[in-house]
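So you can see what is in the structure, the chains are spelled out below.
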Amino acid sequence: QVQFVESGGGLVQPGGSLRLSCTASARLFSIYTMGWYRQAPGKQRELVAAITPGGSTNYADSVQGRFAISRDNAKNTVYLQMNSLKLEDTAVYYCKGRMGTTDYWGQGTQVTVSS
């Protein structure tokens, strides 16, 4: 019933930019807390950025100042603008929505930062 679909991943050079999108089927998207997570090979999945229904944002220290999360409730979409990309940003990026205590995950999109 609730589904999130990520897009926008790909190959980018160090220092480059990429914009990820996540579109949700949820009817009450506007009241979901949304987040972007990532998982690199051999590492645990980690929170990258989150945004509340009210628009408050939170970022991992590793991406602070480089990434920006935003949402367009009219489009049921959350974005992750990624600037000044580094090799260590390479990972599968996942969109997650939370309603109450229930989490809904997308399938992920690959981001590879390489020369």
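One can find the structure itself at the top, above this paragraph.
Model, not experiment: these values are computed from the prediction. (Residues numbered from 1 in each chain as written. Predicted model: local features only at pLDDT ≥ 70, side-chain atom pairs only at ≥ 80, totals over all residues. Heavy atoms only, no water.)

Caption draft 1: Quick peek at the environment of Ala26. As for its position among the elements, Ala26 is in the loop between β3 (18-24) and β4 (33-39). A relative accessible area of 3% means that Ala26 is categorised as buried. In this structure, the C-alpha to C-alpha distance between Ala26 and Met82, residues 56 residues apart in sequence, is 25 Å. (Helix = DSSP H or I, 4+ residues; strand = E, 2+ residues; numbered from the N terminus. Buried < 20%, exposed > 50% of the residue type's maximum accessible area, 1.4 Å probe, protein only.)

Caption draft 2: Up close: the nonpolar core. By size, the foremost hydrophobic cluster in this structure holds 29 residues, and its most contacted members are Trp36, Val78, Leu80 and Tyr93. Of all elements in the fold, only β3, β4, β5 (46-51), β7 (67-72), β8 (77-82), β9 (91-99) and β11 (109-113) reach the threshold of two or more residues within this core. Ranked by the residues each element gives to this core, the list is headed by β3, at four residues. (Core = buried A, V, L, I, M, F, W, Y, C linked by side-chain atoms within 4.5 Å.)

Caption draft 3: The arrangement of the pairing of β9 in detail. Sheet topology places β4 next to β9; seven bridges connect them, and they run antiparallel. Across the sheet, residue Tyr37 finds its bridge partner in β9, namely Tyr94. Pairing geometry for β9 and β11, over three bridges, is antiparallel. Bridge pairing in β11 places Ala91 opposite Val111. Alignment of β9 against strand β10 (residues 102-105), held across four bridges, turns out to be antiparallel. The partner of Arg98 across the bridge, within β10, is Asp103. Adjacent in sequence and paired antiparallel, β9 and β10 are bridged by two residues, among which Gly100 carries a positive phi angle near 65°. (Pairing = 2+ DSSP bridges.)

Remember that the coordinates give geometry; whether it matters functionally is a separate question.
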